[in-house]
Amino acid sequence: MRLIDTHTHLDFPEFDADRQRLLDRATARGVERVVVLGVHAENLQRVWDLACAEQRVHAALGLHPVYLEQHRPEHLLELRGWLERLQGDPRLCAVGEYGLDYYLPELDPQRQQALFEAQLQMACDFDLPSLLHVRRSHAQVIATLKRFKPARAGIIHAFAGSFEEAREYLKLGFKLGLGGAATWPQALRLRKTVARLPLESVVLETDSPDMAPAMYAGLRNSPEHLPEIAVALAELIGIEAVALAEISSRNACELFGW
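Residues numbered from 1 in each chain as written. Predicted model: local features only at pLDDT ≥ 70, side-chain atom pairs only at ≥ 80, totals over all residues. Heavy atoms only, no water.

Engineer: Quick rundown of helix α9 (residues 241–256)? Include the residues and the values.
Structural biologist: Between its first and last C-alpha, α9 extends 22 Å over 16 residues, near the 22 Å set by a 1.5 Å rise per residue. Within α9, burial applies to Ala 241, Leu 244, Ala 245, Ile 247, Ser 248, Ser 249, Asn 251, Ala 252, Leu 255 and Phe 256. (Helix = DSSP H or I, 4+ residues; strand = E, 2+ residues; numbered from the N terminus. Expected span 1.5 Å × (residues − 1). Buried < 20%, exposed > 50% of the residue type's maximum accessible area, 1.4 Å probe, protein only.)

Engineer: Go over the pattern of salt bridges, please, and point to the residues and values.
Structural biologist: Evaluated as defined, the whole model comprises 17 salt bridges. Put simply, Asp 11 and Arg 46 hold a salt bridge, and the shortest N to O gap is 3.1 Å. In this pair, Asp 11 sits in the loop between β1 (3–8) and α1 (19–28) while Arg 46 sits in helix α2 (residues 44–53), placing the two residues 35 residues apart along the sequence. Residue classification places Arg 46 among the partly exposed positions, given a relative accessible area of 37%. Residue Arg 147 pairs with Glu 117 through a salt bridge whose shortest N-O separation is 2.7 Å. Highlighted residues: Arg 147 in helix α5 (residues 138–148) and Glu 117 in helix α4 (residues 109–125), separated in sequence by 30 residues. Note on Glu 117: relative accessible area 22%, which makes it partly exposed. Residues participating in the shared-partner salt-bridge network are Asp 18, Arg 25, Arg 220 and Glu 224. (Salt bridge = Lys/Arg side-chain N within 4 Å of Asp/Glu carboxyl O.)

Engineer: Describe the state of the cysteines, listing the residues and the values that go with them.
Structural biologist: Taken as a whole and assessed by the stated rule, the structure comprises 0 disulfides. Between Cys 124, a cysteine without a disulfide, and Cys 93, which holds the nearest cysteine sulfur, the sulfur-to-sulfur distance is 17 Å. On the accessibility criterion, Cys 124 (29% relative accessible area) is partly exposed. (Disulfide = S-S within 2.5 Å.)

Engineer: Lay out a nonpolar patch on the surface with the relevant residues and their values.
Structural biologist: Together, Met 1, Val 231 and Val 242 make up a nonpolar patch on the protein surface, roughly 240 Å² of accessible area in all. Checked against the element boundaries, Val 231 lands in helix α8 (residues 226–237). With relative accessibility at 42%, the residue Val 231 sits in the partly exposed group. (Patch = residues over 30% accessible without salt bridge, like charges linked within 9 Å, V, L, I, M, F, W, Y side chains within 5 Å. Areas by Shrake-Rupley, 256 points an atom, 1.4 Å probe, with all protein chains shown as cover.)

Engineer: Quick rundown of the pairing of strand β7 (residues 175–178)? Include the residues and the values.
Structural biologist: The alternating pattern of β7 places Lys 175 and Gly 177 and Leu 176 and Leu 178 on opposite faces, both of which are buried. As judged from the 2 bridges shared by strand β6 (residues 154–157) and β7, these two strands associate in the parallel manner. From the neighbouring strand, Ile 156 faces β7, where its bridge partner is Leu 176. Taken together, β6, helix α6 (residues 163–171) and β7 form a β-α-β motif whose crossover is right-handed. Where β7 and strand β8 (residues 202–204) come together, 3 bridges link them in parallel fashion. Paired with Leu 176 across the bridge in β8 is Val 202. Between β7 and its parallel partner β8, the chain crosses via helix α7 (residues 188–196), and the hand of that crossover is right-handed. (Pairing = 2+ DSSP bridges. Right-handed = clockwise from strand over helix to strand, strands pointing away.)

This is the structure:
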């Protein structure tokens, strides 16, 4: 199988001891490209350094809503500066991870919305895809995307919405990131939705080190696990794993312009 992991956090400290070996093992298992995403101002340089050091790694830079209390107005200016300096560099593939998180009650929705819109505008300004974090906020994200109408869409990371919400994203040109969550038997609604999704809408991801699939319960997630995730999702959808790997990788390449 040839695979692309469209969402990881390989710069996190959990990987400091074996990052290179992990990438080598993932490559040996068919994972040809990995996207690493920024989440706050302090890790943007780390993400970029990793993309510069590793041909297999592509960088996305953004400010994650979960770190809302860490973000300052000047961090948006810094992010814009990064995007200006790196404009046209093939190692930069997207703006992200950003979006809305209504699951955590301490995260102020209005401040989140302002941060979301500022980054969505940057994605439009620099003609980059958006890698979006959407948790219990699909209606608001969809409404905002309809208002901004970005020329380049992106990925709804760790999609866990309804089939109706999936259709709204597809109308806007977005792909749906699928990973470990749908491998769990108890995720009944998500598994039913995944089985109905059109194949042209799907990209694969791990969200390493988080969201481990059922077959690696309780362990650090890793791009190495993407082949097993692909096998489990392909069984759910009713196609061969090799076919899902090929289609999802083609979808990712089209999205990122690879």
